[in-house]
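# Structural overview
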Amino acid sequence: MVTLAEVAQHAGVSASTVSYVLSGKRSISVGTRQRVERSIQELGYHPNAGARALASNRSNIIALMVPLRTDMYVPVMMEIAIAVATTARTHGYDVLLLTGEEGPDAVRRVTGSGLADAMILMDVELDDERLPLLRGTDQPSVLIGLPADTSGLTCVDLDFGATGALCAEHLARFGHRDIAVIGEAPAVYERHTGFAERTLDGLRSRSRELGLRMLHRPCEGGYDAMAVTLARIFDERPSITGFVVQNESAVEPLLALLRQQGRAVPEDVSVVAICPDQVATQASLRLTSVAIPAQEMGRHAVEQLVAKLEGRGSDDVVLIAPELTIRASSGPAPATS
């Protein structure tokens, strides 16, 4: 391995000058800096991460807290995580992935150990137990998600309230008057997870304004759970002609069950999904959907965090506007509805 002393000898400068070029702690002339950087590149020198952290009091690591729960759709979470990692790398940061359901303990571990320079938190609840710790530390952080109180926090998320409203508007425009929302697993609502609660709020408020009757039923996902949920929906409200699905694992079972019952989509029943484009386009019927902009969310979160690390950021809430793409699963309500 190439050492710092060998870089100094190659560039014709002292070892301390090379160190100052790497840390940026002192002003170095442009010519000397370029000579040192050229030697670093030609020799293939990589500073020791531990030594660099000691010298600069920075680890160049971002901690990403993403609890991998069984009731969440993991591919979306991992797509966001990959976007965070790739964007962080372009800014010179590596990512430490924390996947346990540790809650506040994970925040304490990061802030108390110097493991990372900053944090990004996912799976945010409306009254998230981690938030008081974030507000009480000087360590920069960004939430991918929206709690009930965003004061003193930087947040990035899809505007799920507007997403719910957009789905209601789309079905109302086609003449549907009775709609059902097939939601996430019950535990997601029991935790008051932000994205699910805000989607429901948007659906409910816009449905009231548009004169729609709305029914919401959580679902574990999978064929058996979906069969029970769908039977309950039609038993309670046989006039349902529109579905909004915010549960990726329930999408295909719902379409299969509707076919088995002789309900044609979209002639008899319309289906709108809130899901990644890949899920919508690869379903057995191409679904009208509002996409989850996972890559954009991850990229925005890192850019907000880097700005804070560089002293030019502020506590902002960035909400990404939803976009609904009409495909084959939605159409006019049947004339008999």
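Residues numbered from 1 in each chain as written. Predicted model: local features only at pLDDT ≥ 70, side-chain atom pairs only at ≥ 80, totals over all residues. Heavy atoms only, no water.

As annotated in an unreviewed UniProt entry, the protein chain carries the name LacI family transcriptional regulator and comes from Streptomyces montanus.

## Describing the environment of Glu 323
Worth spelling out the cut-off: Elements are defined by DSSP. Helices are runs of H or I of four residues or more, strands are runs of E of two residues or more, and each kind is numbered from the N terminus. What makes two residues a contact is simply this: any of their non-hydrogen atoms within 4.5 Å.
With respect to the secondary-structure elements, Glu 323 resides in the loop between strand 11 (317-320) and strand 12 (324-325). Separated by 31 residues in the primary sequence, Glu 323 and Ile 292 place their C-alpha atoms 9.2 Å from one another. Residues in contact with Glu 323, not counting those within four places in the same chain, are Leu 166, Ser 289, Val 290 and Ala 291.

## Some remarks on the sheet that holds strand 1 (residues 61-65)
As a reminder, the rule being used: For two strands to be treated as a pair, DSSP must find no fewer than two bridges joining them. Note on method: axes are straight lines fitted to C-alpha atoms, helices fitted across the in-contact stretch only, with angles between N-to-C directions ranging 0 to 180 degrees.
Read across the open sheet, the six strands follow the order 2-1-3-4-5-11; overall the sheet is parallel. Every other strand in the sheet has two partners, leaving strand 2 (94-98) and strand 11 as the edge strands with one partner each. The average undirected angle you get between the axes of adjacent strands in this sheet is 20°. The pairing of strand 4 (residues 141-144) with strand 5 (residues 155-158) spans two bridges and is parallel. Opposite Ile 144, over in strand 5, you have Val 156 as the bridge partner. Lying over the sheet, helix 5 (residues 74-90) contacts strand 1, strand 2, strand 3 (118-121) and strand 4, oriented at roughly 155° with respect to strand 2. Those strands touched by helix 14 (residues 294-309) are strand 1, strand 3, strand 4, strand 5 and strand 11, and its axis lies near 165° from that of strand 4.

## Topic: the pattern of salt bridges
The test is simple: In what follows, salt bridge is the name for a side-chain nitrogen of Lys or Arg lying within 4 Å of a carboxyl oxygen of Asp or Glu. With a 1.4 Å probe rolled over the protein chains alone, any residue whose accessible area is under 20% of its type maximum counts as buried; one over 50% counts as exposed, and the rest are partly exposed.
Counted according to the given criterion, the structure contains 17 salt bridges. A salt bridge links Asp 94 to Arg 89, with the shortest nitrogen-to-oxygen separation between them at 2.9 Å. Linking Arg 327 and Asp 277 is a salt bridge whose minimum nitrogen-to-oxygen distance equals 3.3 Å. With Arg 327 in the segment after strand 12 and Asp 277 in helix 13 (residues 277-282), this pair connects stretches of sequence that are 50 residues apart. Looking at Asp 277, the relative accessible area reads 35%, which means it is partly exposed. Overlapping salt bridges, with partners in common, bring together Arg 69, Asp 71, Asp 123, Glu 125 and Arg 191 in one network.

## Concerning the packing of aromatic side chains
To keep things clear, this is the line we draw: Each Phe, Tyr or Trp ring (for Trp, its six-membered ring) is paired with any other whose centre lies within 6.5 Å, and the angle between the two planes then decides the class: stacked below 30 degrees, edge-to-face above 60, tilted in between.
This structure, assessed with the given rule, holds two aromatic pairs. Centre to centre, the rings of Phe 160 and Phe 195 are 5.6 Å apart; their planes meet at 55°, and the pair counts as tilted. One end of the pair, Phe 160, is in helix 8 (residues 160-173); the other, Phe 195, is in helix 10 (residues 194-210), and 35 residues separate them in sequence. You can call Phe 195 buried: its relative accessible area is 17%. Seen in terms of ring centroids, Phe 234 and Phe 243 are 5.8 Å apart; in terms of plane orientation they differ by 75°. Their pairing is edge-to-face. By relative accessible area, which is 10% here, Phe 234 ends up buried.

## Details of the side chain of Ser 39
Note on placement: Ser 39 falls in helix 3 (residues 30-43). Residue class for Ser 39 comes out buried when judged on its relative accessible area of 3%. In contact with Ser 39, not counting residues within four places along its chain, are Val 7, His 10 and Ala 11.

## A short note on the sheet that holds strand 7 (residues 213-218)
Spatial strand order, 7-6-8-9-10-12: six strands in an open sheet with mixed pairing. Only two strands of the sheet have a single neighbouring strand rather than two, namely strand 7 and strand 12. Sheet topology note: the strand 6 (residues 178-183)/strand 7 ladder contains six bridges and is parallel. Counted as the bridge partner of Ala 180 is Leu 215 from strand 7. Helix 10 rests against strand 6, strand 7, strand 8 (242-245) and strand 9 (270-274) of the sheet, and its axis sits at about 160° to strand 7. Each of strand 6, strand 7 and strand 8 touches helix 11 (residues 223-236); the most contacted strand, strand 7, lies at about 155° to it.

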